[in-house]
Amino acid sequence: MAKNKQKQPPTDNKFQAIISHCKEYGFIFPSSEIYDGLQAVYDYGQMGSELKKNIKDYWWKSMTQLADENIVGIDAAIFMHPTTWKASGHVDNFNDPMIDNKDSKKRYRVDHLIEEYAAALSAEGKENEAAALLASMETLLAKDDFTGLKKMIDDNKMQCAVSHTCNWTEIRQFNLMFSTEFGTAVSSEEGNNIVYLRPETAQGIFVNFLNVQKTGRLKIPFGIAQIGKAFRNEIVARQFVFRMREFEQMEMQFFVRPGTQKEWYEKWKAKRMQWHESLGMPAAKYRFHDHVKLAHYADAACDIEYEFPIGFKELEGIHSRTDFDLQQHQQYSKKKMQYFDNDLNPETGKPYGNYIPYVIETSIGLDRMFLAVISQAYEEQDLSLPAGEAGTEEKKDSRVVLKLPPVLAPIKLAVLPLTKKDGLPAIAEEIIQACKPHFRCFYEEKDSIGKRYRRMDALGTPYCVTVDHQTKEDQTVTIRHRDSMEQERVPIDSLREIVMAGL
Ligand code: ATP
């Protein structure tokens, strides 16, 4: 029997299929769609906002409440004093080199243009040439050698995907921060009412480091976690929620004694990978990518990459940021950012004393995690039954199922009365009343049971129960498991426990 056969569309199609699925089932809509949308900005719908919130809660709980280390949370404002961004290096360094095609007017990030060209070379079997090209690109980028990069683009006759010409402008730096204006002056500098929309949440943690440490009486090592919006004026933004101009980050800065950063960096690499695996995400879909070109603030850095339908790409960054940020804020604010460590240094027998802590950062994009989770969960299954020996005809059937981890699923339990009559809806309502304080339930009485099951599969609901006439006799219902599609008869009283066991 060809039951439950998995049919996965080719990767490009799979990405498109996921985007369509997200729209059709209320997960993600283009922002202000009635005005034709806004590039690289998206709205989460009734299902998407639940799934996103569940990812947030899962991260928050494991990084604070359940963490072995002492980690507390904060919620800093999006607007920060503009000097923050001077001190952090974002005003001067948060740039991407870009180039425009003069014929199509299309703008490219220089590294993306070269990477796409290298990928095409690889596809033609010229792997060595592609690798050499990428290696020299890394070297040129590290030196900000725009003349060299432009020469590389010209010498290789790299073409614009739209105009197919090689008619390029010079390469320019493009700052990725959005700015806006306050009604009043915020600093004594020129353009003194300009403020930025934060391009990362980390700085809200750094500037509050001593506030939190002192009021929380925290001892090093400890962490500060935060979830919040970040904004980047991305040049190329056409990969759905993978690269957005407004997105959300879940970041944790872990403050350690100088000299212990390497050890903590390795620990956090392992811990963060375990977090992904704890959600049932397969290890084979993950890999570490160590940075060769380190950001101005880091002494070690890597990405956790996930194999999205568009290939292996960065999902999370783990950075050993040294004491760079706190040093910078100390210098620009003229406020001490020191911590007094009264633990005894075994080498000197005296307290470690005053120092500026070192920082390990774990930074994951919530929207990218959403995309990873939904890509992992999305499955198209062929459920057709072949023609039977007794001459019965082949029965075509299929379903799209989101095999979401139950803890993340927007709806945990759907309650479906078999008919709208005979008191069955009232029993369904009672079940919902008993369960809804504990988890999200959903009621549906329209359409055949089969159609209702399919709809719940497409939303990733792990359990459906059907209330039928037998329920009235013996207080049992049929529970159907999303992944196996198996059904069993269970007492109404056991439902809560069954569902909670998977959360
Ligand atoms: P990329 O190289 O893909 O631009 P990045 O290295 O600039 O990413 P970080 O500054 O390390 O990213 O940000 C931490 C995390 O924030 C990333 O791992 C990613 O998950 C998320 N993130 C960064 N930029 C975006 C974006 N434009 N849209 C959605 N998520 C993003």
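Worth saying up front: this structure is predicted, and the values here are computed from it rather than measured.

(A) The arrangement of the packing of aromatic side chains in detail. Considering all chains together, one arrives at 17 aromatic pairs under this definition. The interplanar angle of 55 degrees and the centroid separation of 5.8 Å between the aromatic rings of Tyr-339 and Tyr-355 together place this pair among those described as tilted. Here Tyr-339, found in strand 15 (residues 339-344), pairs with Tyr-355, found in strand 16 (residues 351-355); they are 16 residues apart in sequence, far enough to count as distant. The same class applies to Tyr-339 and to Tyr-355, which are both buried. Grouping aromatic residues by their ring pairs yields a cluster made of Phe-206, Phe-209, Phe-222 and Phe-255.

(B) Structural view of the sheet that holds strand 4 (residues 71-74). Read across the sheet, seven strands follow the order 4-10-11-17-14-13-12 without closing on themselves; strand pairing throughout is mixed. Strand pairing shows two members of the sheet lacking a second neighbour, strand 4 and strand 12 (286-290), which therefore form its edges. Strand-to-strand twist in this sheet, taken as the mean axis angle between neighbours without regard to direction, amounts to 25 degrees. With nine bridges connecting them, strand 13 (residues 300-308) and strand 14 (residues 311-322) associate as antiparallel partners.

(C) Representation of the site of the ligand within the structure. Taken together, 15 residues sit near the ligand, with Glu-234, Arg-243, Met-244, Glu-314 and Leu-315 positioned nearest. Between Arg-243 and the ligand, the recorded distance is 2.8 Å, taken from a side-chain N or O atom to an oxygen atom. Gly-365 places a polar main-chain atom, nitrogen or oxygen, 2.9 Å from an oxygen atom of the ligand. Here the ligand loses 85% of its free accessible area of 590 Å² to cover by the protein chains. Those elements giving two or more residues to the shell around the ligand turn out to be strand 11 (246-256), strand 14 and strand 17 (358-365). The element that contributes the greatest number of residues to the shell around the ligand is strand 14, accounting for five residues. Looking at side-chain class alone, the shell around the ligand contains four nonpolar, five polar and six charged residues.

(D) Focus on the domain arrangement of the protein chain. The domain boundaries assigned to the protein chain delineate domain 1 (5-91 + 178-377), domain 2 (95-175) and domain 3 (411-501). Computed over C-alpha atoms only, the centres of domain 2 and domain 3 are separated by 55 Å.

(E) Highlighting helix 7 (residues 146-155). If you check which residues of helix 7 are buried, you get Phe-146, Gly-148, Leu-149, Lys-150, Met-152 and Ile-153. Lining the buried residues of helix 7 we find strand 5 (95-100), helix 5 (110-123), helix 6 (127-142) and strand 7 (172-175). The backbone nitrogen of Thr-147 has a side-chain oxygen 3.4 Å away, supplied by the residue at the start of helix 7, namely Asp-145. Directly beyond the C-terminal end of helix 7, a positive phi value near 50 degrees is found at Lys-157.

(F) Focus on the sheet that holds strand 20 (residues 413-417). Taken together, five strands build an open sheet; the order of strands is 21-20-22-23-24 and the sheet is mixed. At either margin of the open sheet sits one strand with a lone partner, and together these are strand 21 (441-443) and strand 24 (487-491). On average, each strand axis in the sheet is tilted by 30 degrees relative to the strand beside it, whichever way the strands run. Across three bridges, strand 20 lies against strand 21 in parallel orientation. Note that in strand 21 the partner of Val-415 across the bridge is Tyr-443. The strands touched by helix 13 (residues 424-435) within the sheet are strand 20, strand 21, strand 22 (463-467) and strand 23 (476-481), with strand 20 carrying the most contacts at an inclination of about 165 degrees.

(G) Spotlight on the pattern of salt bridges. What the rule picks out here adds up to 37 salt bridges. Arg-109 is paired through a salt bridge with Glu-234; the nearest N and O atoms lie 4.0 Å apart. In this pair, Arg-109 sits in strand 6 (residues 107-109) while Glu-234 sits in the loop between strand 10 (222-231) and strand 11, placing the two residues 125 residues apart along the sequence. Three or more residues are tied together by salt bridges with common partners; here these are Asp-96, Arg-109, Asp-111, Glu-234 and Arg-243.

Rules behind the numbers
- Residues numbered from 1 in each chain as written.
- Predicted model: local features only at pLDDT ≥ 70, side-chain atom pairs only at ≥ 80, totals over all residues.
- Heavy atoms only, no water.
- Phe/Tyr/Trp six-rings, centres within 6.5 Å; stacked < 30°, edge-to-face > 60°.
- Helix = DSSP H or I, 4+ residues; strand = E, 2+ residues; numbered from the N terminus.
- Buried < 20%, exposed > 50% of the residue type's maximum accessible area, 1.4 Å probe, protein only.
- Pairing = 2+ DSSP bridges.
- Axes fitted to C-alpha atoms, helices over the stretch in contact; angles between N-to-C directions.
- Near = heavy atom within 4 Å.
- Polar contact = N/O pair within 3.5 Å; in protein donor to acceptor, adjacent residues only side chain to side chain.
- Areas by Shrake-Rupley, 256 points an atom, 1.4 Å probe, with all protein chains shown as cover.
- Nonpolar A, V, L, I, M, F, W, Y, C, P; charged D, E, K, R; others polar.
- Domains from an automatic or database assignment.
- Contact = heavy atoms within 4.5 Å.
- Salt bridge = Lys/Arg side-chain N within 4 Å of Asp/Glu carboxyl O.

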